[in-house]
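# Breakdown of the fold
Read off the chains here:
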Amino acid sequence: MAEVTLMLHPGRLTLEALQALHTGGVHLALDPASAPGIAASAAVVQRAAAGDAPVYGVNTGFGKLASTRISSEDLATLQWNLIRSHSVGVGEPLAPAVVRLMLGVKAASLARGHSGVRPVVIDTLIAAYNAGLVPVVPSQGSVGASGDLAPLSHMTLALMGEGEFLVDEAGTAHRRPAGDVLRAAGIAPLRLEAKEGLALINGTQTSTALALHAFFTFEPVLEAALVVGALTVDAARGSDGPFDPRIHALRGQPGQIDVAQYYRQLLAGSAIRESHLEGDDRVQDPYCLRCQPQVVGACLDQLRHAALVLLREANAVTDNPLVFSEDGAMISGGNFHAEPVALACDAMATAIAEVGAIAERRIAMLIDAGVSRLPPFLTPNAGLNSGFMIAHVTAASLASENKSLAHPASVDSLPTSANQEDHVSMATFAARRLQPMIANVTHILGIEWLAAAQGVEFLRPLASSPPLEAAHALLRGGCPAMMTDRFLAPDIERASRLVGDGSLARILRTLAGLPVLWRVA
């Protein structure tokens, strides 16, 4: 099947385009309308390089060394040295999907025509993406201010033929010398000229790519959380009254309104619910059931806001100095400071942690016979069998771990560059720590799904709603009911995999007439 062409429209990337960049399998092409602006800004830099006036990043040193004047014959060497000296990252390489986003978003940013690079710089980024090349970019070493200097330097170093690429060989990734990989792909190593190295490594593209990676990874997990949460309501013979639209309309919070609508549709047609409409002496359900729209809906609102911030950032020009070809000005500023990304990631972290926290509480409720009215620990012969007792302990440990990981990264700052760069955002870590948090929530939901499905077994022959029975059947395809103790860890992994890969989310997406979960408006 032929690759789909994705046209990069600088300044007008959509979330759908960013997700396509993240997933891969598309062929990038640059909107030809961007060419005049690129050429005009490059001409401004070339004039500055040929002139006598000091211009930061063109004929001066960097950071604390900005007052050091560089001779005209050393301007290209200045850019090469910048990349080599700044390629100092450590840690495991970033995931290929993150690096793909870095390449594409950096190309789109430079193509807005305010960075002063030649067209060949943007063309090389796009050529590397289209060839499926993944620069080796260590995951640690950026404080998210003055740009994501170290990670973007490693990306650029590979394009220069001096770093490394990750190459897939028979399904296994191997690190290979960049020069060899570029030659095999027919891509000329990038030869930097005035300001081009600085333009490539100044910017928030790594932190933004990491944050978007988390956003796209968490999407099916949040959708799965709604399905699992609804199944738990039925397993505990909870009420659907708290999802009445009139309650949520009075508050007016959009995420809450939308989540309640999801729950109403997920639970519609449940014979389990019909069975206890009368004669149930319970007046109210625990908060973990009753307040799901308020909790998960608030998380959804935070995630939607983060999506807006990240979309703006992915379309932004964040290097320094910026070029304004209309009047030939080159102005030093601070768009490289990633505080917007850091704050968005901290909000995402809190939302992710809360989705897991309320799921853990639902598991605790299910195994507590005094609350759920199900057999203790969801096993028919408690005592001889421990049932889900320790599976809940695992969920509790993961939820607690997420509490520590949710501590805001943006409130931390360490001065760098001899106090020239004296306030930093820590956005790159803020975004990077989201992946282990998502993995923890994915496992918590896998455990809850197993527990809720087990609870439903004790209510047979009553059936849940059609979508929730589909969720039950999906799980039972690989994880049978547990009527006596058995090795449960493989089932947790199977269930968690179905949560993370979107299999469970697809049940939610088949429901008609529901709002788009990740609506950004």
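Look above for the structure.
What counts as what
- Throughout this description, residue numbers start from 1 for each chain and increase along the sequence as written.
- A pLDDT threshold of at least 70 governs which residues receive local features in this predicted model, and a stricter bar of 80 or more applies before side-chain atom pairs are shown or counted, although totals over entire chains, interfaces and linings include all residues.
- Hydrogens are left out, water is left out, and the side-chain values use all remaining heavy atoms of the structure.
- Secondary structure elements follow DSSP: runs of H or I no shorter than four residues count as helices, runs of E no shorter than two count as strands, and numbering proceeds from the N terminus.
- The reference for a compact globule is 2.2 Å times residues^0.38; the radius of gyration itself is calculated from the C-alpha atoms.
- Each residue is placed in one exposure class: buried if its accessible area under a 1.4 Å probe, protein chains only, is under 20% of its type's maximum, exposed if it is over 50%, and partly exposed if it falls in between.
- Only the protein chains shown count as covering a residue, and every accessible area follows the Shrake-Rupley method with a 1.4 Å probe.
- Note that His is not counted, nor are the chain ends; the positive residues are Lys and Arg, and the negative ones are Asp and Glu.
- We put the charge of a Lys on NZ, of an Arg on CZ, of an Asp on CG and of a Glu on CD.
- Note: two strands are recorded as paired if DSSP finds a minimum of 2 bridges between them.
- A pairing counts as a salt bridge when a side-chain nitrogen of Lys or Arg comes within 4 Å of a carboxyl oxygen of Asp or Glu.
- Every axis corresponds to a line fitted to the C-alpha atoms, with the helix fit spanning only the stretch in contact, and the corresponding angles, defined between N-to-C directions, vary from 0 to 180 degrees.
- Should the near helix be turned counterclockwise from the far one by less than a right angle, the crossing is left-handed, whereas a clockwise turn marks it as right-handed.
- By definition in these notes, contact holds between two residues if any of their heavy atoms fall within 4.5 Å.
- Under the grouping applied here, Gly and all other residues not named as nonpolar or charged are polar, the nonpolar ones being Ala, Val, Leu, Ile, Met, Phe, Trp, Tyr, Cys and Pro and the charged ones Asp, Glu, Lys and Arg.
- Each cavity reported here is a set of points on a 1 Å grid over the protein atoms alone in which a 1.4 Å probe fits but cannot get out, each pocket an open set with protein on both sides within 12 Å along at least five of seven lines, and each lining residue one with an atom within 4 Å of a point.
- Grid points are joined across faces, edges and corners, and a volume is the space filled by probe spheres set on the points.
- Definition of a polar contact: a pair of N or O atoms within 3.5 Å, with one able to donate and the other able to accept a hydrogen when the atoms are protein atoms, and with sequence-neighbouring residues admitted only if both atoms are side-chain atoms.
- For a helix, the expected span equals 1.5 Å multiplied by the residue count minus one.
- Here a pair means two rings of Phe, Tyr or Trp (six-membered ring of Trp) with centres within 6.5 Å. Their orientation is stacked below 30 degrees between planes, edge-to-face above 60, and tilted elsewhere.
- Here, patches come from residues exposed beyond 30% relative accessible area and free of salt bridges, joined within 9 Å for like charges and within 5 Å for nonpolar side chains (Val, Leu, Ile, Met, Phe, Trp, Tyr).

## Description of the overall build of the protein
Regarding its fold elements, the protein presents 22 helices and 9 strands. In terms of overall size, the protein behaves like a compact globule, its C-alpha atoms giving a radius of gyration of 26 Å where 521 residues would be expected to give roughly 24 Å. In terms of overall dimensions, the protein has a C-alpha envelope of 90 × 50 × 45 Å along the principal axes. Scored against the burial criterion, the 521 residues of the protein give a buried share of 55%. Of the roughly 20,600 Å² of accessible surface on the protein, 57% is carried by carbon and sulfur atoms. When the 37 basic and 48 acidic side-chain charges of the protein are each reduced to a single mean position, those positions are 2 Å apart.

## Quick look at the pairing of strand β2 (residues 26-30)
Note that strand β1 (residues 4-8) and β2 share 5 bridges and pair parallel. If you follow L8 over to β2, its bridge partner there is L30.

## A short note on the pattern of salt bridges
Enumeration according to the criterion identifies 21 salt bridges in this entry. The shortest N-O distance in the salt bridge between R433 and D346 comes to 2.4 Å. Residue R433 is found in the loop between α18 (427-432) and α19 (434-457), and its partner D346 is found in helix α15 (residues 339-367); the two are separated by 87 residues along the sequence. Residues R433 and D346 agree in their burial class; the two are buried. A single salt-bridge network, built from bridges that share partners, covers R118, E193 and E196.

## What to know about the packing of helix α3 (residues 75-86) against helix α6 (residues 149-159)
At a closest axis distance of 8 Å, the pairing of α3 and α6 adopts a crossing angle of 120 degrees. Handedness of the α3/α6 crossing: left-handed. For the pair formed by α3 and α6, the contact residues are I83, R84 and H86 on the first element and L149, A150, S153, T156 and L157 on the second. Residue classes in the contact of α3 with α6 are distributed as 4 nonpolar, 3 polar and 1 charged.

## A short note on the pairing of strand β6 (residues 164-169)
Of the pairings in the sheet, the one linking strand β4 (residues 134-135) to β6 comprises 2 bridges and is antiparallel in character. The partner of P135 across the bridge, within β6, is F165. Taken together, the 6 bridges between β6 and strand β7 (residues 172-177) define a ladder with antiparallel strand orientation. In the strand pairing of β7, F165 is matched with R176.

## Some thoughts on the layout of surface pockets
Computed from the structure, the largest pocket encloses a volume of approximately 510 Å³. As for the largest pocket, its lining consists of 27 residues, of which H86, S146, L149, S417 and E421 are closest to the centre. Of all the elements in the fold, those that place two or more residues in the lining of the largest pocket are α3, α6 and α8 (196-201). If you tally residues by element for the lining of the largest pocket, the top one is α3, at 4 residues. Of the residues contributing to the lining of the largest pocket, the split by class is 13 nonpolar, 12 polar and 2 charged.

## Overview of the side chain of S410
Its location among the elements puts S410 in the loop between α17 (389-405) and α18. Only 2.5 Å separates the side chain of S410 from the side chain of D346, close enough to count as a polar contact.

## Some thoughts on α15
End to end, α15 covers 43 Å across 29 residues, agreeing with the expected 42 Å (1.5 Å per residue, within 8%). With 22 of 29 residues buried, α15 lies mostly within the body of the structure.

## What about the packing of aromatic side chains?
In total, this model carries 2 aromatic pairs according to the counting rule given. A centroid spacing of 5.9 Å and a plane angle of 80 degrees characterise the contact between F215 and F216, whose relative ring orientation is edge-to-face. Taking relative accessible area as the criterion, F215 reaches 3% and is therefore assigned buried. What makes F216 buried here is its relative accessible area of 6%. On the numbers, 5.0 Å between centres and 15 degrees between planes, the contact of F243 with Y263 is stacked. Of the two residues, F243 sits in the loop between α9 (205-235) and α10 (245-251) while Y263 sits in helix α11 (residues 254-267), which places them 20 residues apart along the sequence.

## Examining the sheet that holds β7
The strand order across the open sheet built from 3 strands is β4-β6-β7, with neighbouring strands paired in antiparallel fashion. Looking at which strands have only one partner, the edges of the open sheet turn out to be β4 and β7. Running at roughly 100 degrees to β7, helix α7 (residues 178-185) makes contact with β6 and β7 of the sheet.

## Considering a nonpolar patch on the surface
Taken together, the side chains of M389, I390 and V393 present a nonpolar region at the surface, about 240 Å² in accessible area. Relative to the helices and strands, I390 is located in helix α17. The class for I390 is partly exposed, based on a relative accessible area of 49%.

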